[in-house]
Every structure is written in structure tokens, then in C-alpha cells.
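What follows is the residue order along each chain.
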Amino acid sequence: MQKSRKIRVVTAASPGDRVADQLGRLLLRSTRQHLYQRLVDGIDGLDVTTYPVLSGLGRLGPTTATHLASVIGVDRSATTRYASKLEATGLVHRTVDPGDARATRLALTRAGTTALVATRRALSSAMDDVLSGWPAAEAAAFAAALERFTEGLDDMWGAADR
């Protein structure tokens, strides 16, 4: 039986090519799943499937499932299912949308906000772990460059919901 090999397409090594290659690696579902698992470990009521809903609500504030789904890149029915799981564990609650009484808005509860703060601390800790072997000036320069890069994407495509 022949062993399969990963095919890595290497184009000209311009900075854009290198960034695109690394972004592709970062955006892989498996990469996100490993990171999400680290973030949700030890947080009651939160798992890797519900984390994007909690995180999205933390960035957006109270919003509809439809809007949240479009921002976090999960279909509306899955977003609603995950929000229901979070609601059952007390991390999210639903309210009537003041702009449309037929619609509901999702919002974090106090416990949801506490869980969100814990995930943000875990994320910061994970990034500190990665950068711990870097010289401090290099780590700071990378953080500044990443902020500039993200702002450049916002300028190119319009500021995204955060």
C-alpha cells in the first residue's frame, strides 16, 4: 500500500505568498479545533462547537442568530442549535428584538461573560506560550505587524464585525 504524501504547492516566495501559505495553515479546521479545545478546557457548558457562538456574541454584543451566523461563518440552523446548548447551560439568554418583536436576540449572561473572559485569558496564554521562545522585541514587532496587517484587511474589505 502506498503512503500518501501531502502536496505543498510552492509558488514564488513573495511576502504575500508566504503570508497566504501561513494563513491557510492557521485557518484549517484542525488548527482551530485544537485551539478551541485549549480555550474551553475546564469551562462548564462550553465546548469546541459552541465556542464560536460565545466568542461571536462577545465581539458583537446582543444580536440575532442570523446576523451572528453570518459573522462567525456557521449556518443559521447550527448557530441556533449551539445557542440553545449555551442557553441550557446558562451562558446565553434570548430576548425580544426591540427592532422586530417577531425576532429574538441572543446575548451573553453574566456566566457567559465570565466564560468569555476565561477563554480570552486562555487564548492570550496560548499566544504567550508560542511567543515565549522569541526575543521580546521580536514578539512585540510581530504583534504590531499583525495589528497593521489586520487593519490593512479592514481597509481593503471594509471593517468586519468584531
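Scroll up to find the structure this text is about.
What counts and how
Residues numbered from 1 in each chain as written. Predicted model: local features only at pLDDT ≥ 70, side-chain atom pairs only at ≥ 80, totals over all residues. Heavy atoms only, no water. 1 Å grid on protein atoms, 1.4 Å probe; cavity = no way out; pocket = protein on both sides within 12 Å on 5 of 7 lines; lining within 4 Å. Points joined across faces, edges and corners; volume = space filled by probe spheres on them. Helix = DSSP H or I, 4+ residues; strand = E, 2+ residues; numbered from the N terminus. Nonpolar A, V, L, I, M, F, W, Y, C, P; charged D, E, K, R; others polar. Axes fitted to C-alpha atoms, helices over the stretch in contact; angles between N-to-C directions. Parallel < 35°, antiparallel > 145°, perpendicular 65-115°, else oblique. Contact = heavy atoms within 4.5 Å. Patch = residues over 30% accessible without salt bridge, like charges linked within 9 Å, V, L, I, M, F, W, Y side chains within 5 Å. Areas by Shrake-Rupley, 256 points an atom, 1.4 Å probe, with all protein chains shown as cover. Salt bridge = Lys/Arg side-chain N within 4 Å of Asp/Glu carboxyl O. Buried < 20%, exposed > 50% of the residue type's maximum accessible area, 1.4 Å probe, protein only.

Draft legend 1. Up close: the layout of surface pockets. Within this model, the largest pocket holds a volume of roughly 2,600 Å³. Looking at the largest pocket, it is lined by 48 residues, and the ones nearest its centre are L23, L26, L27, L35 and L146. Contributions of two or more residues to the lining of the largest pocket are made by α1 (15-26), α2 (29-40), α3 (51-60), α4 (65-72), α6 (110-131) and α7 (136-157). Ranked by the residues each element gives to the lining of the largest pocket, the list is headed by α7, at 10 residues. In terms of residue class, the lining of the largest pocket is built from 29 nonpolar, 9 polar and 10 charged.

Draft legend 2. Molecular detail of the packing of α4 against helix α5 (residues 76-88). Interhelical geometry of α4 versus α5 gives an angle of 110 degrees and a closest axis separation of 9 Å. On the basis of their axis angle, the class for α4 and α5 is roughly perpendicular. Residue-level contacts link A65, T66, L68, A69 and I72 of α4 to R76, T79 and T80 of α5. Classifying every residue of the contact of α4 with α5 by side-chain character gives 4 nonpolar, 3 polar and 1 charged.

Draft legend 3. Up close: a nonpolar patch on the surface. The grouping of V19, L23, L26, L27, W134, F142, L146 and F149 at the surface amounts to a nonpolar patch, some 700 Å² of accessible area in total. When residues of the nonpolar patch are traced back to their parent elements, those giving at least two are α1 and α7. Among the secondary structure elements, V19 is positioned in helix α1. The exposure class of V19 is partly exposed, given its relative accessible area of 35%.

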